[in-house]
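Chain by chain, the residues run as shown.
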Amino acid sequence: MSKNTIFTGSGCAIITPFTNTGIDFDTLDKLVDFQLENGTDAIIAAGTTGEASTMDDREHLSVIERVVKKVDGRVPVIAGTGSNDSRHGAALSRSAEQLGADALLHVTPYYNKATQDGLIKHFTLMADSVNIPVILYNVPSRTGCSIAPATLDKLADHPNVVAIKEASGNISLTAKMMSMCIDRIDFYSGNDDMNVPICSLGGKGAISVLANVAPRETHEMMAKCLEGDYAAASKMQLEAIELIDALFCEVNPIPVKTAMRLMGYEAGPLRLPLSEMSEANLEVLKTAMKNYGLLK
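These numbers come from a predicted model, not from an experiment.

Attention now moves to the pairing of strand β2 (residues 42–45). Of the two faces of β2, the one lined by A42 and I44 and the one lined by I43 and A45 are each fully buried. Two elements, strand β1 (residues 9–13) and β2, share 3 bridges in a ladder whose sense is parallel. Looking at β2, one finds that C12 is bridged to I43. Handedness of the crossover joining β1 and β2 through helix α1 (residues 25–37) is recorded here as right-handed. Viewed along the sheet, the connection from β2 through helix α2 (residues 57–71) into strand β3 (residues 77–80) turns out right-handed.

Counted under the stated rule, the structure contains 2 aromatic pairs. On the numbers, 5.3 Å between centres and 40° between planes, the contact of F34 with Y265 is tilted. Of this pair, F34 sits in helix α1 while Y265 sits in the loop between α12 (254–262) and α13 (279–292); the two residues are 231 residues apart in sequence, bridging distant segments of the chain. Owing to a relative accessible area of 14%, F34 belongs among the buried residues under this scheme. Given a relative accessible area of 21%, Y265 falls into the partly exposed group. K165 extends its terminal NZ or CZ atom over the ring of Y137, reaching a point 4.0 Å from the ring centre.

Another point: the environment of S179. Its place among the elements puts S179 in helix α7 (residues 171–181). Looking at S179, the relative accessible area reads 58%, which means it is exposed. Considered as a pair, S179 and E283 are 104 residues apart in the sequence and their alpha carbons are 42 Å apart. Among the polar contacts listed, one links the side chain of S179 to the backbone oxygen of K176, at a separation of 2.7 Å.

Time to look at the pattern of salt bridges. Counting across every chain of the model gives 13 salt bridges. With a shortest N-O distance of 2.5 Å, K257 and E51 are connected by a salt bridge. Of the two residues, K257 sits in helix α12 while E51 sits in the loop between β2 and α2, which places them 206 residues apart along the sequence. Take K257 and E51: they sit in the same class, and that class is buried.

The next point concerns the sheet that holds strand β6 (residues 161–166). If you walk around this closed barrel you meet the 8 strands as β1-β2-β3-β4-β5-β6-β7-β8, and the pairing is parallel. Going across the sheet, the axis of each strand differs from the next one's by a mean of 25°, ignoring polarity. Pairing of β3 with strand β4 (residues 103–107), which is carried by 3 bridges, proceeds in the parallel orientation. Each residue of the ladder has a partner; that of I78, found in β4, is A103. Helix α9 (residues 215–227) contacts β1 and β8 (205–208) of the sheet and is inclined by roughly 145° relative to β1.

A word on the packing of helix α3 (residues 86–98) against helix α4 (residues 116–128). For the pair α3 and α4, interaxial distance at closest approach is 8 Å and the crossing angle is 25°. With respect to α4, the axis of α3 lies roughly parallel. Here α3 and α4 pass one another in a crossing that is right-handed. In this structure, α3 uses S86, G89 and A90 to contact α4, whose residues at the interface are H122, L125 and M126. Looking at the contact of α3 with α4 residue by residue, the class counts come to 3 nonpolar, 3 polar and no charged.

On to the packing of α1 against α2, then. Packing of α1 against α2 leaves a shortest axis separation of 10 Å and a crossing angle of 45°. Considering the angle they form, α1 stands oblique to α2. The two elements α1 and α2 meet at a crossing, and its hand is right-handed. Facing F25, D26, L28, D29, V32, D33 and L36 of α1, the residues of α2 in contact are S62, V63, R66, V67, K70 and V71.

For residues that are not glycine, phi is negative in most cases, and the peptide bond is trans in most cases. A cis amide bond links N252 to the next residue, P253, at an omega of 10°. Considering the arrangement of structural elements, one finds P253 in the loop between α11 (241–247) and α12. Omega for the bond connecting L272 with P273 falls within 30 degrees of zero, at 15°, which places this linkage in the cis form. Inspection of the secondary structure assignment puts P273 in the loop between α12 and α13. For A46, which is not a glycine, the phi torsion comes out positive at approximately 60°. Tracing the backbone shows A46 in the loop between β2 and α2.

Calculation criteria
- Residues numbered from 1 in each chain as written.
- Predicted model: local features only at pLDDT ≥ 70, side-chain atom pairs only at ≥ 80, totals over all residues.
- Heavy atoms only, no water.
- Buried < 20%, exposed > 50% of the residue type's maximum accessible area, 1.4 Å probe, protein only.
- Helix = DSSP H or I, 4+ residues; strand = E, 2+ residues; numbered from the N terminus.
- Pairing = 2+ DSSP bridges.
- Right-handed = clockwise from strand over helix to strand, strands pointing away.
- Phe/Tyr/Trp six-rings, centres within 6.5 Å; stacked < 30°, edge-to-face > 60°.
- Lys NZ or Arg CZ within 6 Å of the ring centre and 35° of its normal.
- Polar contact = N/O pair within 3.5 Å; in protein donor to acceptor, adjacent residues only side chain to side chain.
- Salt bridge = Lys/Arg side-chain N within 4 Å of Asp/Glu carboxyl O.
- Axes fitted to C-alpha atoms, helices over the stretch in contact; angles between N-to-C directions.
- Contact = heavy atoms within 4.5 Å.
- Parallel < 35°, antiparallel > 145°, perpendicular 65-115°, else oblique.
- Left-handed = near helix turned anticlockwise from the far one by under 90°.
- Nonpolar A, V, L, I, M, F, W, Y, C, P; charged D, E, K, R; others polar.

Here it is, written out as structure tokens:
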């Protein structure tokens, strides 16, 4: 058995609604309500989709604090506190723990990257700094840095490292990691187009962008996996592919934040260097949302 499972099912990597001067907390509350009313099993606050990289520490922690308060223990709240500065990541992690986060999400260090030895030291320093569970986050397309299976094998022995969000897009790599570590840590899909495939190998669910706009459907897809009904889950996965592709036709979270606006939520502006969608891609998104039943 893996240790300390944080959640099973669909975890929403929630967007952060901005105003021109800060955080729109009222809309953030509404987004959390939308998720919980539709069966989402965990909320991931201040992650990539939440545009954490453009928030200062005060804003970053205020989002975590507000989500923790709004969720009020109904589902786990996972705080994105990773950094390419190990000491900064550890400080953010300690603060998030004090604010009541149930777990932390630690991305691989971006830009400066690291050797595999450096990754072990980086994640160990941050995991040592807290007393709550840590989910590692492997997303080399964004960070230029990937966790090797042997590295994960070593990190899986850390008592606070309980899971990994696997977003390499490489099912062979994921399978290798799982073959070495699945008895010690949980695996979550980090790419919505691979939610069912990763669960079919033993994953516990997904940390999802799709769940922002389709929380009920994403929850049900993951529930079907956990019940072992992969025929139904696969049907749902394939029905969502056009929408998933549209949600990633430009850099995340540009499309999903735009989609939330189209659904009537005051998601607010994107922060530079993210910019508004091109007209061509906006039409792609609208068409996919209409075909999925999210827009008339």
